[in-house]
Amino acid sequence: MLSRHVLLAVLLLHTMTGLKLHVTTFNTGDTFPREDISPLLGLDYDPDIVSIGFEELGDTDAWENEADRILSKRGYYRIKLNTMSIMQLVVFAKKDHLPFISHIETEYTKTGFGGTYGNKGGTSVRFRLYDKTIAIVNSHLSAHMDQVQIRDEEYWNIISEQDFETLPHRTSTTTTI
């Protein structure tokens, strides 16, 4: 389930621009897509942008290729893929928006094994869409209730280390999801 902050950011973006953004994350558990993943992609809502984060990938191509196959049939084009070890973040946009997407950047932050391994951490994609800057961060953090403090530290490490270039003539705000 999306956090309250993500829902507020998506609602704010929709209110400001009329654009619909679908953000989802899925822990694949080192499996291959065996069922139709269309429901995961939010296509019933006809989003303008679809962002999918995958964690615990065994085959880093299988899930991304399946999403690509489904979304390309519906008129979506991949604007960026960011892979870090067993994590991926892939962002798609409808064809009508492609001429208005610019300044695409990616970042990743490893937090596994003291920041040396990418089994945990965050991947992100930032881009300009019309006059708005959008940053989407997918994270895979330490599990279980006894790891809350470590998860909190991992979150702040990801946020502080995601260092994008400054956009020229920046006049808009960044919405981080």
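The structure we're discussing is the one just above.
Here we summarise the structure given alongside this text. Keep in mind that this is a model prediction, so the values were computed, not measured.

1. So, the overall build of the chain
And step 1. Assigned secondary structure in the chain consists of 3 helices and 8 strands.
And step 2. Mapped in sequence order, the helices and strands of the chain form the string α-β-β-α-β-β-β-β-β-α-β.
And step 3. Every one of the 177 residues in the chain was classed for burial, and the buried ones make up 44%.
And step 4. A sequence separation of at least 24 residues applies to 65% of the contacts in the chain between residues at least 6 apart.

2. Observations regarding the nonpolar core
And step 1. The biggest cluster of nonpolar side chains holds 16 residues, and the ones touching the most others in it are Leu 41, Ile 52, Phe 54, Leu 71 and Phe 92.
And step 2. Sorting the residues of this core by element identifies strand 2 (49-55), helix 2 (62-73) and strand 4 (87-94) as the ones contributing at least two each.
And step 3. At 5 residues, helix 2 tops the list of elements feeding residues into this core.
And step 4. Excluding its chain neighbours within four sequence positions, the residues that come into contact with Phe 92 are Asp 48, Ile 49, Val 50, Ile 52, Ala 67, Asp 68, Leu 71, Tyr 76, Tyr 77, Arg 78 and Ile 79.
And step 5. In terms of nonpolar packing, the next biggest core, distinct from the first, is built from 14 residues, Leu 21, Ile 49, Ala 93 and Ile 134 among them.

3. Comments concerning helix 2
And step 1. Over its 12 residues, helix 2 runs 17 Å from end to end, which matches the ideal 16 Å to within 8%, given 1.5 Å per residue.
And step 2. Those residues of helix 2 lying buried are Ala 62, Trp 63, Glu 64, Glu 66, Ala 67, Ile 70 and Leu 71.
And step 3. Turning to helix 2, the residues buried within the fold contact strand 1 (21-27), strand 2, strand 3 (76-84) and strand 4.
And step 4. Looking one or two residues beyond helix 2, the residue adopting positive phi is Gly 75, at roughly 90°.

So, how was this worked out
Residues numbered from 1 in each chain as written. Predicted model: local features only at pLDDT ≥ 70, side-chain atom pairs only at ≥ 80, totals over all residues. Heavy atoms only, no water. Helix = DSSP H or I, 4+ residues; strand = E, 2+ residues; numbered from the N terminus. Buried < 20%, exposed > 50% of the residue type's maximum accessible area, 1.4 Å probe, protein only. Contact = heavy atoms within 4.5 Å. Core = buried A, V, L, I, M, F, W, Y, C linked by side-chain atoms within 4.5 Å. Expected span 1.5 Å × (residues − 1).

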